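Take a look at the letters that make up each chain.
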Amino acid sequence: MAGRQRQSRRRAAGRVMLLPALLLGLCCRAAAERIRYAIPEELGRGSLVGPLARDLGLSPAELPARKLRVATAAERQLKYFSVSAESGELYVSERLDREEMCGEAASCSVSFEALVQNPLNVFHVEVAIQDVNDNSPRFLQDTFQLEINEFTSPGARFYLGVAEDADVGSNALQGYELEANGYFAVEMKESPDGSKFAELVLRRALDRESEQSLRLVLTAVDGGDPPRSGTAQLCINVTDANDNAPVFAQDRYRASLREDAPPGSTVLHVSASDADAGTNARITYGFGKTPAKVLQKFVVDAESGTVTLQEALDFEETRAFSLAVEAKDGGGLVAHCKVEVEVLDVNDNAPEITVLSVSSPVAEDAPVGTVVALLNVIDRDSGENGQVSCELSGEAPLSLVASSSGGSYKVVTASALDREQAAEHRVTVVARDRGIPALSGRAALVLEVSDVNDNAPVFEEAAYSAYVAENNAAGAPVLRVRARDADAGANGRVSYWLAGGSAGAAPYVSVEARSGAVYAQRSFDYEQCREFAVAVRAQDGGAPARSSTATQAQPNTDWRFSQTQRPGTSGSQNGEEGGAWPNNQFDTEMLQAMILASANEAADGNSTLGGGTGTMGLSARYGPQFTLQHVPDYRQNVYIPGSTATLTNAAGKRDAKNSGSSGGNKKKSGKKEKK
């Protein structure tokens, strides 16, 4: 029999109903609708819930890449279901007991999120747990003891309490039945809260002399198919006349109590009176047929009728209590009243933030609106205490987007990312409720930005100049070019290459790929080549690579003077001829000798070089018009047509002086004369 029941339940699992759901496209945004399934409770582990992957529009071939999984902020709900990585079908992974999961709630469901990757998306799934008639009605006690006076008038009613049935709907308690007898009947009454209690009704006057007691069977029946039932014994003792029962001032009492009320707080007072005298009028108070969990929370004083809280309340656990209070006189007559206690919510739960998924690092060229994180926020409080608003705290190009189904949020890029400005963004998600005072929850998010090759190398100078004496050694360094790339890794690793130049320049120099150092490939001969230009390309290691180019500029030729600016020794007169100076070989070598002589004096420490603003220091010797604006600064590399000298520093000037004394300039002049 048990085997047939298990087979029947497995077949029921195969008939799981998939409610209509609208699925949005998988485009990195949360779906607006829910996927709903309905299954009966008590399904065994491994029972099929539904083809989740198929209902999400995923084919079996997509499953490995999309990494379908389930997640939820309430971790305890994840134990009930699992998804197959191979088939994408949703299965039961833990026994489902609707009464354990949802208690007395009319409907019961488990909600969670289905996550897929590549691209990232989230879907909301709800599984409704349908009730099975697996619980019989049960009275809170097996025997009811009643004492009823023989003078009690027909029509009198006696409260018998409520039979509990953990099932819901048609499977719940439907009515009461009483064993056939000549005096009593049972009627079912429904309280405003929906509970169904039994009342014993006296149909015919009692006669203690003819029948002193009665034992009857009371049955509670549910509406299942087949129905289930529970029984209790009624033991009725017929007593002598105590013809006035206690009467409560109210049939129903109501009270409200904050959930943070401390134990010992007074809930309310109930009061009953009795028209009899003596012991028949003495009233004591107590609880009638009341569930044990309610009796743990409250106590009633037998003498005063004061109901007191004896255990802390929790609105999120139970929002209302219904108490049956009875007043009994000395003769055994009992009256009943109902006490309803409403629990008021207090903002005692801060919002809880669960980070479902984070996509980090994210490329710096990711488009605006890219989803980088999925969050879920819940607040167990109700009303405004449970209404939550979320925001991002911290400077970052990110924004928070709420999902259409409450509690889910997406963190998306709000503007373009730039790794060179910020390689990492740290923000805090702050969820704040509307309680007074408000409570908040926080969760930190760290988003790393990965590099893309969006920066080309940039030379420190657009053009470089170098001056090299002829007859140099092959392999001698000429200068170094340097370029910087703001990217990282291979994207920022710079290599240097020759990229053309003036005609015939390529055989003269080479560039080292890593350092940017330019070397002479051969010895230079001034008479064969006086100047040339080459282009150096700096290229990064990105894919595709980026590059930029710098040139070796020729020396500036526009440095000659007018005849009125022509330098000369102190007291000498400049020539009268017009035009630029120098304009011949003799004048050129004369200017060379003047500059070398001044450089030698600077090396000996006897010169007045730099003595005046904007002057080269030669004006005292060669004339006041000879100023710095007319010739290149001798303290830098100086290129002089027809000369082999390159002046770089004081030591270099001394070398040039020695070279001049050795007749190097005369050799030059000799070559010119031979031509």
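Keep in mind the model is a prediction, meaning the values are calculated, not measured.

Calculation notes
- Residues numbered from 1 in each chain as written.
- Predicted model: local features only at pLDDT ≥ 70, side-chain atom pairs only at ≥ 80, totals over all residues.
- Heavy atoms only, no water.
- Helix = DSSP H or I, 4+ residues; strand = E, 2+ residues; numbered from the N terminus.
- Buried < 20%, exposed > 50% of the residue type's maximum accessible area, 1.4 Å probe, protein only.
- Areas by Shrake-Rupley, 256 points an atom, 1.4 Å probe, with all protein chains shown as cover.
- Contact = heavy atoms within 4.5 Å.
- Polar contact = N/O pair within 3.5 Å; in protein donor to acceptor, adjacent residues only side chain to side chain.
- Pairing = 2+ DSSP bridges.
- Axes fitted to C-alpha atoms, helices over the stretch in contact; angles between N-to-C directions.
- pLDDT = per-residue confidence, 0-100.

Colleague: Account for the overall build of the chain, with residues named and values stated.
Modeller: The helix and strand inventory of the chain stands at nine helices and 44 strands. Going through the 675 residues of the chain one by one, you find that 42% of them count as buried. As presented, the chain carries roughly 34,100 Å² of accessible surface, and 47% of it is formed by carbon and sulfur atoms.

Colleague: Please set out the environment of Glu 99 residue by residue, giving values where relevant.
Modeller: Its place among the elements puts Glu 99 in helix 4 (residues 98-102). In this structure the C-alpha to C-alpha distance between Glu 99 and Val 168, which are 69 residues apart in sequence, comes to 8.9 Å. Filtering out sequence-adjacent residues up to four positions away, Glu 99 remains in contact with Glu 41, Asp 131, Asp 134, Asn 135, Ala 166 and Asp 167. One polar contact links Glu 99 to Arg 98, side chain to side chain, over a distance of 3.4 Å.

Colleague: Any details on the side chain of Asp 131? Residues and values, ideally.
Modeller: Relative to the assigned elements, Asp 131 resides in the loop between strand 8 (121-130) and strand 9 (138-139). Here the side chain of Asp 131 touches Val 168 through a polar contact of 3.2 Å, landing on its backbone nitrogen. Within polar-contact distance, the side chain of Asp 131 engages the side chain of Asn 171 at 3.0 Å. Those residues in contact with Asp 131 that lie beyond four places of it in its chain are Glu 41, Arg 98, Glu 99, Asp 167, Val 168 and Asn 171.

Colleague: Give a description of the sheet that holds strand 32 (residues 424-433) that names residues and reports values.
Modeller: If you walk across this open sheet you meet the four strands as 27-33-32-29, and the pairing is mixed. Two strands bound the open sheet, and with one partner strand each, they are strand 27 (362-363) and strand 29 (388-393). For strand 27 and strand 33 (residues 440-450), the ladder comprises two bridges, and the chain directions are parallel. Each bridged residue has a counterpart across the sheet, and for Ala 363 the counterpart in strand 33 is Ser 450.

Colleague: Which residues make up the sheet that holds strand 36 (residues 477-480), and what are the values?
Modeller: Taken together, the three strands give an open sheet; going across it, the order is 36-40-39, and neighbouring strands pair in antiparallel fashion. A strand with exactly one partner marks an edge of an open sheet, and here the two such strands are strand 36 and strand 39 (509-511). The average undirected angle you get between the axes of adjacent strands in this sheet is 20 degrees.

Colleague: Account for the confidence of the model for the chain, with residues named and values stated.
Modeller: Should pLDDT be low for a region, the predicted coordinates there are not to be read in detail. Residues of the chain with pLDDT of at least 70 account for 75%, and the chain-wide mean is 79. Throughout residues 1-32 the model reports pLDDT below 50, and contacts reaching past four residues in sequence, or to other chains, amount to 59 contacts. In the model, residues 569-577 has pLDDT below 50 throughout and makes 14 contacts with residues more than four positions away in sequence or in other chains.

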